[in-house]
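# Chains, contacts and geometry: an overview
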Amino acid sequence: MLRLIAAMLIGLTLSVMPAFAATKVTVNGVPISDIEIAQRTKLLALEGGGGTKKATEQLIDEQLQIQEAKRMNIVISDQQVDDAFQQVARNIKVSTDKLNQILQQAGVSKDTMRARLRAAIAWNQVSGMVVASRVKVSDLDLEKAAEAKLDQALSYDYILKEVLFISSTGNASARTGQANQYRKAFKGCDSAVQVSLNFTDAAVRDMGRRHATQLPEALADELAKLNVGGITKPRVTETGVSMLAICAKNEARDTTFLKNKLRNEQGGKQMQAEAEKFKAELRTKAKIVYN
């Protein structure tokens, strides 16, 4: 009888044991299992596809990134991962609970996404410490590039006021009509506030000095064609219907803002290129064994 009960207990234990994970790759001795690869493949499918090979290579890269961060004594807290997870939810305009539900419905463990986020945060910190030092952007080259972009429309300095017709979702069209009425009655910056009192939920704020290179290209083009006392056509924004009034306008070939923008663009491209080189270096030095 005891043997029968023991046999039954062994059978029950075996029936509820999870399937063993099989190691598919080792990265410097650290295993990556078939379960991890399957989970990552599902996550990639949720994002648009990629397949098992892409999932495997992605996991190898991330393991190298985590190992390099550890070597540099970089520690990523759970709170940082939580914040990143929340940001992903915000980016796709859902709650974190809804994001967890989406993952669950696709058969993806939330730990799979959290592992990827942890590696991404670690790699950003590694890149900031190692890769950034390799990026060199020439001020002379930036100046030449900025000068080449500085056309007539981008050669003005302004003192601006914004006239905003506050609107909620669905009434932008009506507010645009009222903004056009304001525009017809507008006689210059000195009267901007007084004219706004004839309208409900209309506000005037000083924007101060703005160079054309700080403004969106289409707006800079429109302002360049207006004189002092002019006002732009209404534009629908997140907060309402906006117009810009010109209180002062002077020619000023200022490349400062263009140079900063170009520096960020070129620096970002170089950072990405150097990060890829560094990742390739880590792969060359690593012991990667496919089983």
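### Some details on the overall build of the chain
Looking only at helices and strands, one finds 11 helices and seven strands in the chain. Classification of the 291 residues of the chain by burial places 37% in the buried group. Of all intrachain contacts in the chain linking residues separated by at least 6 positions in sequence, the fraction that spans at least 24 positions is 74%. When the accessible surface of the chain is split by element, carbon and sulfur atoms take 54% of a total near 17600 Å².

### Overview of the pairing of strand β1 (residues 23-27)
Looking along a regular strand, one sees the side chains alternate between the two faces of the sheet. Judged from the four bridges that link them, β1 and strand β2 (residues 30-33) form a sheet pairing that is antiparallel. Pairing of T23 across the sheet is with S33, part of β2. Counted between consecutive antiparallel strands, the loop separating β1 from β2 contains two residues, among which N28 sits at a positive phi close to 55°. Sheet analysis places β1 next to strand β7 (residues 288-290), joined by three bridges and oriented antiparallel. Residue V27 lies in a different strand from β7, and its bridge partner there is I288.

### A look at helix α4 (residues 78-91)
Counted at 1.5 Å a residue, the expected span for α4 with its 14 residues is 20 Å, and the 20 Å between its end C-alpha atoms agrees. Those residues of α4 not exposed but buried are V81, A84, F85 and A89. Here the buried residues of α4 occupy an arc of 145° about the axis, which is enough to place them on one side. Where α4 is buried, its residues contact α5 (96-105) and α6 (110-131). Following α4 by one or two positions, K93 has its phi on the positive side, about 60°.

### Focus: the nonpolar core
Generally speaking, a soluble globular protein has its nonpolar side chains buried in company with each other. Ranked by size, the top nonpolar core spans 23 residues in total, and within it L103, M113, V126 and F278 carry the most contacts. Elements with a minimum of two residues in this core: α4, α5, α6 and α11 (256-285). At eight residues, α6 tops the list of elements feeding residues into this core.

### A short note on the sheet that holds β7
Read across the open sheet, the three strands follow the order β2-β1-β7; overall the sheet is antiparallel. Strand pairing shows two members of the sheet lacking a second neighbour, β2 and β7, which therefore form its edges. Direction aside, neighbouring strands of the sheet carry axes that sit 20° apart on average. Together, β1 and β2 form the strand contacts of helix α2 (residues 34-47), whose direction differs from that of β2 by roughly 55°. Where helix α3 (residues 51-71) meets the sheet, its contacts fall on β1, β2 and β7, and the angle it forms with β1 comes to roughly 35°.

### Digging into the packing of aromatic side chains
Inspection of the entire model under this criterion finds six aromatic pairs. A centroid spacing of 5.7 Å and a plane angle of 10° characterise the contact between W123 and F278, whose relative ring orientation is stacked. A residue pair is termed long-range when its members are at least 10 positions apart, and W123 in helix α6 and F278 in helix α11 qualify at 155 residues. Pair check on accessibility: W123 and F278 agree, each one buried. The ring of Y156 carries K249 above its face, with NZ or CZ at 4.4 Å from the centroid.

### Brief notes about the packing of α2 against α6
One way to put it is that α2 packs onto α6 with a least axis distance of 9 Å and a crossing angle of 85°. When the interaxial angle is binned, α2 and α6 end up roughly perpendicular. Here α2 contributes Q39, R40, L43, L44 and E47 to the contact with α6, which in turn contributes T112, M113 and R116. Here the contact of α2 with α6 is composed, by residue class, of three nonpolar, two polar and three charged.

### Overview of the layout of surface pockets
The calculated volume of the second largest pocket comes to roughly 220 Å³. For the lining of the second largest pocket, the secondary structure elements donating two or more residues are α2, α3 and α6. It is α6 that provides the largest number of residues to the lining of the second largest pocket, a total of six residues. Split by residue class, the lining of the second largest pocket holds five nonpolar, three polar and six charged.

Definitions and limits used
Residues numbered from 1 in each chain as written. Predicted model: local features only at pLDDT ≥ 70, side-chain atom pairs only at ≥ 80, totals over all residues. Heavy atoms only, no water. Helix = DSSP H or I, 4+ residues; strand = E, 2+ residues; numbered from the N terminus. Buried < 20%, exposed > 50% of the residue type's maximum accessible area, 1.4 Å probe, protein only. Contact = heavy atoms within 4.5 Å. Areas by Shrake-Rupley, 256 points an atom, 1.4 Å probe, with all protein chains shown as cover. Pairing = 2+ DSSP bridges. Expected span 1.5 Å × (residues − 1). Arc of directions from axis to C-beta. Core = buried A, V, L, I, M, F, W, Y, C linked by side-chain atoms within 4.5 Å. Axes fitted to C-alpha atoms, helices over the stretch in contact; angles between N-to-C directions. Phe/Tyr/Trp six-rings, centres within 6.5 Å; stacked < 30°, edge-to-face > 60°. Lys NZ or Arg CZ within 6 Å of the ring centre and 35° of its normal. Parallel < 35°, antiparallel > 145°, perpendicular 65-115°, else oblique. Nonpolar A, V, L, I, M, F, W, Y, C, P; charged D, E, K, R; others polar. 1 Å grid on protein atoms, 1.4 Å probe; cavity = no way out; pocket = protein on both sides within 12 Å on 5 of 7 lines; lining within 4 Å. Points joined across faces, edges and corners; volume = space filled by probe spheres on them.

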